[in-house]
Amino acid sequence: VRTLRTPDELRAFLHNVREERRTVGLVPSMGAFHAGHEALITAAREACDVVVVSLFVNPTQFDDPTDLAAYPRTEADDAARAQELGADVLFAPETLYADDHATTITVAGLGDTLEGSERGPGHFAGVCTVVAKLFNLVGPDTAYFGAKDAQQVAVIKRMVRDLDMPVRIEVVDTVREPDGLALSSRNVRLAAGAREQALALHAALTAAEQAVEQGERNAVRVRDAALAAMRDYDVDPEYLAVVDPDSLSPLQTLNGRSLVAVAARVGGVRLIDNTLITTPGDSS
Ligand code: PAF
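Cut-offs applied
Chains are numbered independently. Their residues run from 1 in the order of the written sequence. The predicted nature of this model means local features are confined to residues of pLDDT at least 70 and side-chain atom pairs, given and counted, to a pLDDT of 80 or more, with totals for whole chains, interfaces and linings taken over all residues. For the side-chain quantities, the full set of heavy atoms in the structure was used; hydrogens and water were omitted. Helix and strand definitions follow DSSP, with helices as H or I runs of at least four residues and strands as E runs of at least two, each counted in order from the N terminus. Note that the radius of gyration is over C-alpha atoms, with the globule rule given as 2.2 Å times the number of residues to the power 0.38. Contact between two residues is taken to exist if any of their heavy atoms lie within 4.5 Å; hydrogens are not considered. All accessibility values rest on the Shrake-Rupley procedure with a 1.4 Å probe; residue burial counts only the protein chains present in the view. When charges are counted, Lys and Arg contribute as positive and Asp and Glu as negative, whereas His and the chain ends are disregarded. To locate a charge, take NZ of a lysine, CZ of an arginine, CG of an aspartate or CD of a glutamate. Two aromatic rings, drawn from Phe, Tyr or Trp (for Trp, its six-membered ring), form a pair once their centres lie within 6.5 Å of each other, and the interplanar angle then sorts them: stacked below 30 degrees, edge-to-face above 60, tilted otherwise. Buried, partly exposed and exposed residues are distinguished by accessible area as a fraction of the type maximum, computed with a 1.4 Å probe on protein chains only: under 20%, between the cut-offs, and over 50%, respectively. Pairing between strands requires that DSSP locate at least two bridges from one strand to the other. Axis lines are fitted to C-alpha atoms, over the contacting stretch for helices. Their N-to-C directions set the angle, which ranges from 0 to 180 degrees. Every crossover in which the path from the first strand over the helix to the second runs clockwise, viewed with the strands pointing away from the viewer, is termed right-handed. A pairing counts as a salt bridge when a side-chain nitrogen of Lys or Arg comes within 4 Å of a carboxyl oxygen of Asp or Glu.

Describe in detail the overall build of the protein, supporting the description with residues and values.
Tallying secondary structure elements over the protein gives 10 helices and nine strands in all. For 284 residues, the compact-globule estimate of 2.2 N^0.38 gives 19 Å, and the protein sits close to it at 19 Å. Intrachain contacts of the protein at a sequence separation of at least 6 include 72% that bridge at least 24 residues. Surface accessibility of the protein: about 13400 Å² in total, with carbon and sulfur atoms responsible for 48%. Put simply, the protein has 27 plus and 42 minus side-chain charges, and the middle of one group is 2 Å from the middle of the other.

This is the structure we're talking about:
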């Protein structure tokens with residue numbers, strides 16, 4: 001894998017790729033790779049001629065400076081992993097913002113709820129702006145995102161549609177520990193007791209799925225089942241919501257595709273997870 005540090009180096013590399021009409025897959029990342037990132041890189045490797053993995057801890061999407069400072073930085077390990085998985089380029093710029101950077105992309109509404117209401121509306125503005133910059137720098141045919149960040153997927157898909165960005169968004173399933181905990185770079189910060197309690201999120205989603213399997217379609221009752229499962233772990237959610245996966249509007253009834261999304265702080269570590277439930281027999 002070649003590590004490139006500047007947009008100019010990246011442009012020079014991609015010039016030949018474009019001349020040869022080879023397809024480009026982009027995996028945007030903030031590094032600290034775990035099996036979730038590996039699944040994204042593998043999906044890109046299988047489908048695209050050239051795989052670019054970006055590694056940039058984007059300061060504009062952090063509302064909390066301590067969270068930004070605590071974010072793990074493991075570039076040498078990440079580069080080795082990217083190499084093993086067959087990535088062609090690791091784009092790891094020092095910065096992506098000019099000192100007088102003044103342009104921000106906001107996806108109104110979609111970016112304000114759930115994570116947006118907990119982390120502030122600046123979070124998704126930061127994500128969208130950096131992702132748009134990466135799309136402009138790399139010009140990928142396809143970009144890969146993890147399903148764990150369901151709201152990020154919804155917001156980016158809307159940005160791409162609204163701004164006619166010529167890129168296909170591919171969503172890759174969440175990778176989990178054997179006991180169900182969704183992989184996250186934050187999991188390493190969970191102390192032993194908190195690691196046990198962190199199962200509350202997956203338990204909530206499983207309880208919601210089971211309620212729906214047993215015929216429940218009322219969103220309040222599905223949510224209640226999920227909430228009860230969390231209480232068994234003595235964890236309160238920051239939010240636990242049953243929403244439309246595209247508009248993120250709250251649902252009253254599960255009909256077709258429904259997203260159950262949860263966030264909770266466990267032992268000082270903020271975790272999120274979600275499940276997409278498709279009710280059988282629906283036409284949508
Ligand atoms: O999901 C992430 O790691 C980040 O939000 C992203 C998409 C790389 C933007 O900084």
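How would you summarise the packing of aromatic side chains if you had to cite specific residues and measurements?
Enumeration according to the criterion identifies two aromatic pairs in this entry. Between the aromatic rings of Phe56 and Tyr97, the centroid separation amounts to 6.3 Å while the plane-to-plane angle is 45°, which identifies the pairing as tilted. One end of the pair, Phe56, is in the loop between β3 (50-55) and α3 (65-70); the other, Tyr97, is in the loop between β4 (89-91) and α5 (115-119), with 41 residues separating them in the sequence. For the pair Phe56 and Tyr97, a shared accessibility class is recorded, and that class is buried. A centroid spacing of 5.6 Å and a plane angle of 75° characterise the contact between Phe62 and Tyr71, whose relative ring orientation is edge-to-face. Tyr71 gets classed as buried once you look at its relative accessible area, which sits at 11%.

Give a detailed account of the sheet that holds strand β1 (residues 2-4), specifying residues and quantitative values.
As summarised here, the arrangement of the six strands in space is β1-β4-β3-β2-β5-β6, forming an open sheet in which the pairing is parallel. The open sheet has two free edges, formed respectively by β1 and β6 (168-172), since each of these has just one partner strand. Strand-to-strand, the axes of this sheet are offset by a mean angle of 25°, without reference to chain direction. As defined by bridge partners, β3 adjoins β4 across three bridges and the pair is classed as parallel. In the strand pairing of β4, Val52 is matched with Val89. Running over the sheet, helix α6 (residues 122-138) touches β2 (24-29), β3, β4, β5 (142-146) and β6 and is turned about 150° from β2.

An account of the pairing of β2 is needed here, citing residue identities and associated values.
Most of β2 is tucked away: six of the six residues are buried. Residue alternation in β2 divides its side chains into two sets, Val24, Leu26 and Pro28 and Gly25, Val27 and Ser29, and both sets are buried. Across six bridges, β2 lies against β3 in parallel orientation. When the bridges of β3 are listed, Leu26 appears paired with Val52. The parallel pair β2 and β3 is bridged by helix α2 (residues 35-47), and the resulting crossover is right-handed. Pairing geometry for β2 and β5, over two bridges, is parallel. For Gly25, the partnering residue across the bridge sits in β5 and is Thr142.

Kindly report on the sheet that holds strand β7 (residues 237-243), identifying the contributing residues and their values.
The strand order across the open sheet built from three strands is β7-β8-β9, with neighbouring strands paired in antiparallel fashion. Edge strands, defined here as strands with exactly one partner in the open sheet, are β7 and β9 (269-278). Neighbour-to-neighbour, the strand axes of this sheet turn through a mean angle of 10°, independent of strand direction. The pairing of β7 with strand β8 (residues 257-266) spans six bridges and is antiparallel. Residue pairing across strands places Val243 opposite Leu259, the latter belonging to β8. Packed onto the sheet, helix α9 (residues 199-213) meets β8 and β9 and runs at close to 15° relative to β9. Taken strand by strand, helix α10 (residues 219-231) contacts β7 and β8, and its axis lies near 150° from that of β7.

Run through unusual backbone geometry, naming residues and quoting values.
Positive phi, close to 55°, is recorded for Ala32, a residue that is not glycine. Along the chain, Ala32 turns up in the loop between β2 and α2. Its relative accessible area of 11% is what places Ala32 among the buried residues. A positive phi angle, close to 40°, is found at Leu114, a residue other than glycine. Its place among the elements puts Leu114 in the loop between β4 and α5.

Tell me what's going on with the pattern of salt bridges, and back it up with residues and numbers.
Within this structure, the stated rule accounts for 18 salt bridges. The shortest N-O distance in the salt bridge between Glu20 and Arg22 comes to 2.9 Å. Since its relative accessible area comes to 48%, Glu20 is described here as partly exposed. Put simply, Glu115, Arg119, Glu238, Arg265 and Arg270 are held in one network by salt bridges that share partners.

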